[in-house]
Amino acid sequence: MLRAKIIGTGSCLPPKIVTNDDLSKLVDTNDEWIRERTGIQERRVSDAATATSDLGVVAAEKALAKAKVSPEEIELILVCTCSPDMLFPSTACIIQDKLNAKNAAAFDLSAACSGFNFGLTTAASFIESGKYKKILLVGADTLTKYLDWTDRGTCILFGDGAGAVVLETTDKNEGVLASLIRAEGNLGNTLTMPGGGSRDPEEKNGRFIKMNGKEVFKFAVRALETSIKDIIKLAGKEIGDIDLFIPHQANIRIIDHVSKKLGISKEKVFVNLQKYGNTSAASVPIALDEAYREGKIKSGDLLVLSGFGAGLTYGANIIRW
Ligand code: UT7
C-alpha cells in the first residue's frame, strides 16, 4: 500500500509583532484578559504590500529545501487558505508561478482553520491512489486583513502566517496512517466573512470576520475531542501511543479542556499560540515545523494533527514520522 510521507517542512511569519498592550489602545481590552481567556500574548501582522502568497511561497521554499526537492519535481501544489490573494487565479497558481514549479497542477482548498487537515487528507489520497508522487501542501492565511479592529471579540484572536510541507510516496508503513474530515454546514452562520463573495460582491455586509465566540468555542471543544478520539480509533491506536498532539492553535482553553478530558499530559501537546494567535490554515503546519525544528519530533514518532474552524468544519490526521 502507498502512503504519503512528509519529507520537509517550512514556515513564514511576517516580522511585525502586535502585542496585547498594542490592542488595548484600539479596543476596550487588556493583556490580562486576553492571556487568561485565550493564552495569546502577541501575534504577527502582515503589511499592506504582503499577500497570502508572499508568505506561502517563503514557507514552500523552506520546505522544498529541507526535502531536497526541486520545484520542477512537484506534481501538485495544494494551497489551503480562506484569504486568497484574489478570487482568481488561485493562490496555488500564483505560488506555482513564483516557484517556477512548471510541472505542477495547482489549486486552492477552502476549509478555513481546518484547511491544513483537509489539505493533508486530500494530498494523502492523491498519493495513496498513485496519481501523484510528490506534492507541495501549503497552509497560509492573512486574516488580520479581514479583522474589524473595533470588535474586541475577534481582533484579539487572529494573526498571519504560512506553513508548508512536501509529501512523497512511500511503500513503508509510515507517513499519513489515517485521516478524517467532517463538515457541519448547519452551523456555518456562527463564523462568517460575508462580504466580497457572489452573494455580496460590493461588500455591503462588510469585509470583516463575524463570529459568535461562545458558539464557536462550544463547537471547537466538541470537534477537537471527537477528532482526536476518532482518528486514534481509525488508526487502531490508543491515546497513550501518541508521542505528540498538534492541535489547531486557536485558544489555550480549548486545548487544555480537551487534553484534560482525554487524559493527555501537557508535555505531549505542542502549543505556540502565545506567539502567533490563530493563524487559521497556517497554524498546524507552522506548529509542525517549529516542533520539528525544536527536536520534539523524532523518526518513528506517532503524531496527531487536528483542526477546526469555519464551515463549520473539523478534521484530523495521524502520522508515523
Ligand atoms: O478557528 C476557530 C476560530 N474561533 C475560535 O476558536 C474562537 C472560539 N471562541 C473563543 O475563543 C472565545 O469565545 C473568545 C475568546 C472569543 C471570547 O471568550 P469568552 O470567554 O467566550 O468571553 P465571552 O464572549 O463570554 O465574554 C465574557 C466577557 C463579556 O463581558 P460581560 O458581558 O461578562 O460583561 C465580554 O464582553 O468578556 C468580555 N469580553 C472582553 N473583555 C475584554 C469579550 N472580549 C473581550 C476582550 N477584552 N477582548
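Keep in mind the model is a prediction, meaning the values are calculated, not measured.

Conventions used here
Residues numbered from 1 in each chain as written. Predicted model: local features only at pLDDT ≥ 70, side-chain atom pairs only at ≥ 80, totals over all residues. Heavy atoms only, no water. Domains from an automatic or database assignment. Buried area = accessible area lost by both parts, 1.4 Å probe. Salt bridge = Lys/Arg side-chain N within 4 Å of Asp/Glu carboxyl O. Polar contact = N/O pair within 3.5 Å; in protein donor to acceptor, adjacent residues only side chain to side chain. Helix = DSSP H or I, 4+ residues; strand = E, 2+ residues; numbered from the N terminus. Nonpolar A, V, L, I, M, F, W, Y, C, P; charged D, E, K, R; others polar. Phe/Tyr/Trp six-rings, centres within 6.5 Å; stacked < 30°, edge-to-face > 60°. Buried < 20%, exposed > 50% of the residue type's maximum accessible area, 1.4 Å probe, protein only. Pairing = 2+ DSSP bridges. Right-handed = clockwise from strand over helix to strand, strands pointing away. Contact = heavy atoms within 4.5 Å.

Novice: Please clarify how the domain arrangement of the protein should be interpreted in this entry.
Specialist: Size of an interface, as often reported, equals the accessible area lost when the parts are brought together. By the assigned domains, the protein splits into domain 1 (3-172) and domain 2 (176-320). Summarising the inter-unit geometry, the C-alpha centres of domain 1 and domain 2 are found 14 Å apart. In terms of surface lost to domain 2, no three residues of domain 1 exceed Cys113, Asn117 and Tyr146, which account for 16% of the buried area on that side. Along the contact surface separating domain 1 from domain 2 lie zero salt bridges. If you look at where domain 1 meets domain 2, you find 21 residue pairs in polar contact (both at pLDDT 80 or more). Looking at which element gives the most residues to the side of domain 1 that touches domain 2, the answer is helix H5 (residues 115-128), with eight residues. Class assignment for the residues of the side of domain 1 that touches domain 2 results in 23 nonpolar, 16 polar and 12 charged.

Novice: Would you mind going over the packing of aromatic side chains with me for this structure?
Specialist: The geometry of an aromatic ring pair is captured by two quantities: the separation of the ring centres and the angle between the planes. On inspection of all chains with the given rule, the structure shows three aromatic pairs. Summarising the aromatic geometry, the rings of Tyr292 and Trp321 are spaced 5.5 Å apart at their centres and angled 35° between planes, so their arrangement reads as tilted. Highlighted residues: Tyr292 in helix H9 (residues 283-293) and Trp321 in the segment after strand S13 (313-320), separated in sequence by 29 residues. A relative accessible area of 13% means that Trp321 is categorised as buried.

Novice: Help me out: how do you make sense of the pairing of strand S4 (residues 76-80) in this one?
Specialist: Two faces, one strand: in a regular strand the side chains alternate between the faces of the sheet. Judged by how many residues are buried, S4 sits mostly within the fold: five of five residues are covered. Neither face of S4 is exposed, since Leu76, Leu78 and Cys80 on one face and Ile77 and Val79 on the opposite face are all buried. Pairing between S4 and strand S5 (residues 105-109): five bridges, direction parallel. Looking across to S5, one finds that Ile77 is bridged to Ala106. Taking the sense of rotation as the criterion, the β-α-β connection linking S4, helix H4 (residues 91-99) and S5 turns out right-handed. Here S4 pairs with strand S6 (residues 134-142) via five bridges, running parallel. Paired with Val79 across the bridge in S6 is Val138.

Novice: Hey, could you run me through the side chain of Thr29 in this one?
Specialist: Looking at the element boundaries, Thr29 is found in the loop between helix H1 (20-23) and helix H2 (31-38). For Thr29, a relative accessible area of 11% corresponds to the buried category. Not counting residues up to four positions away in its chain, the partners in contact with Thr29 are Leu23, Ser24, Ile34 and Ile156.

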